[in-house]
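# Chains, contacts and geometry: an overview
The residues making up each chain are set out below.
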Amino acid sequence: MCCNRSPEVELSEAAALADVFVLRLMFRLYWLPRQLSDYVAPSEDAANARAVFYEKKRLLSAFAAHQSSVKVRRDRKAVEYTKYFMISALALDTRLGACSALNGERCGIYDRRPLSCRSVPFHYSRAEALAESGLKAFVETTGYGCDTSETAPIVLKNGQIVASDMKTARSEAIAMVERDRRWSEAIVRRMKAGTQGPGTLPRLQEVEAGAHFGATTTSMSLAWQIAADVGLIGSEECNRLIKLQLTVIDRDLAASRCSPDARETLAGMRAEYQNHLHVGHAIVLND
Ligand code: SF4
């Protein structure tokens, strides 16, 4: 079973699943050299480094909300990198070792499960040229219990993904991110403008500077408020999503399986969302 944690989802999916998961807005940064000649392939990429490099570049460009260039000295020469800034949403783990949508041994939202779950074991943001090594690592992961018998469905043939549902999930993810582009770009503009104070997004430079420590998360309500400010959703829809989150937070707080750490986070989010509904959103910038 690979549902041992809650999934990462795209912005539109977060809105569609606000009645299921407690969500956090998430930022991550990836670096890739601009030139193939500067790309040092990890050992598992080495056999097809050229294919991996160009596919990584294509996928990172497709999923990034913002790109910038930076030159760094490496082995006594200046190497130019592209920095890809990603915006997505993370479903909070409120149960230890299990996705919060897991119902017994089965997915409780199977028909509307996120694209990342539909594309398992080939995450849609990962190059198909890495599918072979990715599948091997996935099958070998303790606890996943993959079906590798003669009768198991064939998902990969000659390095190509052949499972139609997984292929569809990969192309749907790219289409969804493209539809969300106005939204993600509006979020980046706010982060560049850098309004400070409670209930505001972190500055873009701050997130980039801290990226080597991992992803940064913040309140999902900020993303929904921005969507309302730029006219992608109405303010009623923004409030409806926040109320849905309050319902899910209360559900998880009431569950005995909720871990103490998650309980603390949820209590903080609950107070923030209640405040949002009570006083409204005070900071609106021109986009
Ligand atoms: S949403 Fe469903 S398929 Fe995805 S991780 Fe959770 S339980 Fe598993």
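Residues numbered from 1 in each chain as written. Predicted model: local features only at pLDDT ≥ 70, side-chain atom pairs only at ≥ 80, totals over all residues. Heavy atoms only, no water.

Under the defined criterion, the tally for this structure stands at six aromatic pairs. Between Trp31 and Tyr81 the ring centres are 5.5 Å apart and the planes differ by 65°, which places this aromatic pair in the edge-to-face class. Of this pair, Trp31 sits in strand 2 (residues 23-33) while Tyr81 sits in strand 4 (residues 77-91), placing them 50 residues apart in sequence. Summarising the aromatic geometry, the rings of Phe53 and Tyr54 are spaced 5.1 Å apart at their centres and angled 80° between planes, so their arrangement reads as edge-to-face. Classification of Phe53 as buried rests on a relative accessible area of 0%. For Arg113, the ring lying beneath its charged end belongs to Tyr110, and the centroid distance is 3.8 Å. (Phe/Tyr/Trp six-rings, centres within 6.5 Å; stacked < 30°, edge-to-face > 60°. Helix = DSSP H or I, 4+ residues; strand = E, 2+ residues; numbered from the N terminus. Buried < 20%, exposed > 50% of the residue type's maximum accessible area, 1.4 Å probe, protein only. Lys NZ or Arg CZ within 6 Å of the ring centre and 35° of its normal.)

Now for the site of the ligand. In the region of the ligand, the neighbouring residues are Cys3, Arg5, Phe21, Cys99, Leu102, Cys107, Ile109, Pro114 and Cys117. By residue class, the composition of the shell around the ligand is eight nonpolar, no polar and one charged. (Near = heavy atom within 4 Å. Nonpolar A, V, L, I, M, F, W, Y, C, P; charged D, E, K, R; others polar.)

Moving on, we come to helix 5 (residues 164-179). End to end, helix 5 covers 22 Å across 16 residues, agreeing with the expected 22 Å (1.5 Å per residue, within 8%). Summarising the contacts, the buried residues of helix 5 are in contact with helix 1 (11-16), helix 2 (49-63), helix 3 (115-118), strand 8 (160-161) and helix 6 (181-193). (Expected span 1.5 Å × (residues − 1). Contact = heavy atoms within 4.5 Å.)

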